[in-house]
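# Examining the three-dimensional arrangement
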Amino acid sequence: MSLRIVVTVKYVPDATGDRHFADDLTVDRDDVDGLLSELDEYAVEQALQIADEADDAEITVLTVGPEDAKDALRKALSMGADKAIHVEDDDLHGTDAIGTSLVLAKAIEKAGYDLVISGMASTDGTMGVVPALLAERLGVPQVTLLSEVSVEDGVVKGRRDGDSASEQLEASLPAVVSVTDQSGEARYPSFKGIMAAKKKPVEAWDLSDLDLEAEEVGLAGAYSVVDSATERPARTAGTIVKDEGEGGKQLAEFLAGQKFI
């Protein structure tokens, strides 16, 4: 029987762009380029490596997001994933992590799975809680923050590296795992992979396909919302000290004034 792997990915604003909030204090995604979250590339890579070692495996990449989120799916498909699912609905605007985990869980159940792989966090929200929320909603074990992962005989195994020790963990499938940016460099899509991705299937689902109501997601159903936001002040010119024999003293006085020493 084929090993069914679902990789959750996210389309995020480019960190090098001018990111800001929209009028409703949600992230403005219209005025900045987006891309596949870098941390999710590691999840795709680990799924590909697991599939390479399996006798038979199928990788589905899943995202929840606006129309442009298809770009994230195409990137994952060009890396080598087999097919994709895009959950898109206007009522998803403003959905928080808890709501996102609900939508993802419904989609994963509908798609069918043995193993769910996620990145350790998204590069925009950086909450890192969705894998655990997913496991709770699906009612399966979670093995998170792995720097090494493998699957053998219906068991997923991995190593979690901490500050003072490394742990060897395992769980019976079905299960949810998340991988860190230490799990192995993600492969770069080849030209052949990019061309092949254009022909791979991408299913489009909305809330009705998942038997969800608008009130359960979006800003209306969010447990956490942004109340206010203030733009970071523009950087001011630094103080230039011309050293005429007193430079060291002036530097010490400045550091003491800033309570650095």
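Look up: the structure comes first, before these words.
Let me sum up the structure you'll find in this document. (Residues numbered from 1 in each chain as written. Predicted model: local features only at pLDDT ≥ 70, side-chain atom pairs only at ≥ 80, totals over all residues. Heavy atoms only, no water.)

### A short note on the nonpolar core
The tendency in soluble globular proteins is for nonpolar side chains to be buried side by side. This is how it is decided: We call a set of buried Ala, Val, Leu, Ile, Met, Phe, Trp, Tyr and Cys residues a nonpolar core when their side-chain atoms join them within 4.5 Å. Throughout, exposure labels follow a simple rule: accessible area from a 1.4 Å probe, protein chains only, divided by the maximum for the residue type, with under 20% read as buried, over 50% as exposed, and the rest as partly exposed. Strands here are runs of E lasting at least two residues and helices are runs of H or I lasting at least four, both read from the DSSP assignment and numbered beginning at the N terminus. Residue contacts are defined here by distance: any two heavy atoms, one from each residue, within 4.5 Å place the two residues in contact.
The biggest cluster of nonpolar side chains holds 37 residues, and the ones touching the most others in it are I5, V7, I59, V61 and I117. If you list the elements that add at least two residues to this core, you get β1 (3–8), α1 (38–53), β4 (57–64), α2 (70–79), β6 (115–119), β7 (142–146) and β11 (175–179). Element by element, the count of residues in this core is highest for α1, at eight residues. Dropping the residues within four chain positions of it, I117 is found in contact with I5, V6, V7, T8, A43, Q46, A47, I50, V177 and V179. Core analysis: the next-biggest nonpolar cluster, separate from the first, contains 23 residues, I108, L138, L207 and L210 among them.

### What about the packing of aromatic side chains?
Put simply, the rule is: Two aromatic rings, drawn from Phe, Tyr or Trp (for Trp, its six-membered ring), form a pair once their centres lie within 6.5 Å of each other, and the interplanar angle then sorts them: stacked below 30 degrees, edge-to-face above 60, tilted otherwise. In this analysis the charged atom, NZ for Lys or CZ for Arg, is taken to sit over a ring once it is within 6 Å of the ring centre and within 35 degrees of the ring normal.
With the rule as written, the count across this model stands at zero aromatic pairs. Over the aromatic face of W205 sits the side chain of K110, whose NZ or CZ is 5.2 Å from the ring centroid.

### Thoughts on the packing of helix α3 (residues 97–111) against helix α4 (residues 130–138)
Our working definition: Lines fitted to C-alpha atoms define the axes here, with helix axes fitted over just the stretch in contact, and angles between the N-to-C directions of these axes take values from 0 to 180 degrees. Every angle not falling under 35 degrees, over 145, or within 65 to 115 is termed oblique; those three ranges are roughly parallel, roughly antiparallel and roughly perpendicular. Handedness of a helix crossing follows the sense of rotation of the near helix relative to the far helix, less than a right angle counterclockwise being left-handed and clockwise being right-handed.
Look at α3 against α4: their axes get within 9 Å of each other, and the N-to-C directions meet at 50 degrees. With respect to each other, α3 and α4 are oriented oblique. Note on packing geometry: the crossing formed by α3 with α4 is right-handed. Seen from α3, the contacting residues are A97, I98, S101, L102, L104, A105, I108 and E109; seen from α4, they are V130, L133, L134, R137 and L138.

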